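Here is how the chains run, residue by residue.
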Amino acid sequence: EVQLVESGGGLVQPGGSLRLSCAASGFTFSSAAMTWFRQAPGKGLEWVSSITHDGRITYYANSVSGRFTISRDNAKNTLYLQLNSLKTEDTAMYYCAKPKSNTLVTTVNSDDMDYWGEGTLVTISS
């Protein structure tokens, strides 16, 4: 059974940082591209970042580029998202997801994911 379990969310002040983790199991993590999405209150899912199976290539939405860093530890079957210089508009539920195919590593379409975690809530507020 495939499982993706996010953690690391919380309440931080603007300008602060958080590190999100996504623990993966039930599939060969080291062979799979991975993706982060987020959903702000009252809004739809937004693609945030993706990473190739080997971690060599990363992709970012314009809204987070330069502030967020995606990474992975294939030995630990874990995906990460480092969030720096946080803004109130970063408030959202953050989800890790697995694309249906590694060829979809550049997709921003949530329909191209076959597995999702339950999410971890990030709240930016002073």
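Worth saying up front: this structure is predicted, and the values here are computed from it rather than measured.

Some words on unusual backbone geometry
Of note in the backbone geometry, Asn77 takes a positive phi value of approximately 50 degrees without being a glycine. One can find Asn77 in the loop between β7 (68-73) and β8 (78-83). A positive phi angle is found at Ser85, which is not glycine, with a value near 50 degrees. Residue classification places Ser85 among the partly exposed positions, given a relative accessible area of 43%.

A word on the packing of aromatic side chains
In this description, an aromatic ring pair is defined by two values, namely the gap between the centres and the angle between the planes. On inspection of all chains with the given rule, the structure shows 3 aromatic pairs. Considering the side-chain rings of Tyr95 and Trp116, the 6.2 Å spacing of their centres and the 80 degrees angle between planes classify their relative orientation as edge-to-face. In this pair, Tyr95 is assigned in strand β9 (residues 92-99) and Trp116 in strand β10 (residues 113-116), connecting sequence segments 21 residues apart. Its relative accessible area of 16% is what places Tyr95 among the buried residues. The exposure class assigned to Trp116 is partly exposed, which follows from its relative accessible area of 30%. Taken together, the aromatic side chains of Phe37, Tyr95 and Trp116 make up a single cluster linked through ring pairs. Taking the ring centre of Phe29 as reference, the NZ or CZ of Arg72 above it sits at 4.2 Å. Note that Lys98 overlies the ring of Phe27, its terminal NZ or CZ placed 5.9 Å from the centroid.

Conventions and cut-offs
- In every chain, residue numbers begin from 1 and rise along the written sequence.
- Where local features are concerned, this predicted model is filtered to residues with pLDDT of at least 70; where side-chain atom pairs are given and counted, the filter is 80 or more; whole-chain, interface and lining totals use all residues.
- Working from all heavy atoms in the structure, the side-chain values ignore hydrogens and water.
- A run of DSSP states H or I qualifies as a helix once it reaches four residues; a run of E qualifies as a strand once it reaches two. Both are numbered from the N-terminal end.
- Exposed residues in this analysis have more than 50% of their type's maximum accessible area, buried residues have under 20%, and partly exposed residues fall in between, with area computed by a 1.4 Å probe over protein chains only.
- Any pair of Phe, Tyr and Trp rings, taking the six-membered ring for Trp, is counted once the centres come within 6.5 Å. Such a pair is stacked with planes under 30 degrees apart, edge-to-face with planes over 60 apart, and tilted for the rest.
- Our definition puts a charge over a ring when NZ of Lys or CZ of Arg is within 6 Å of the ring centre and also within 35 degrees of the ring normal.

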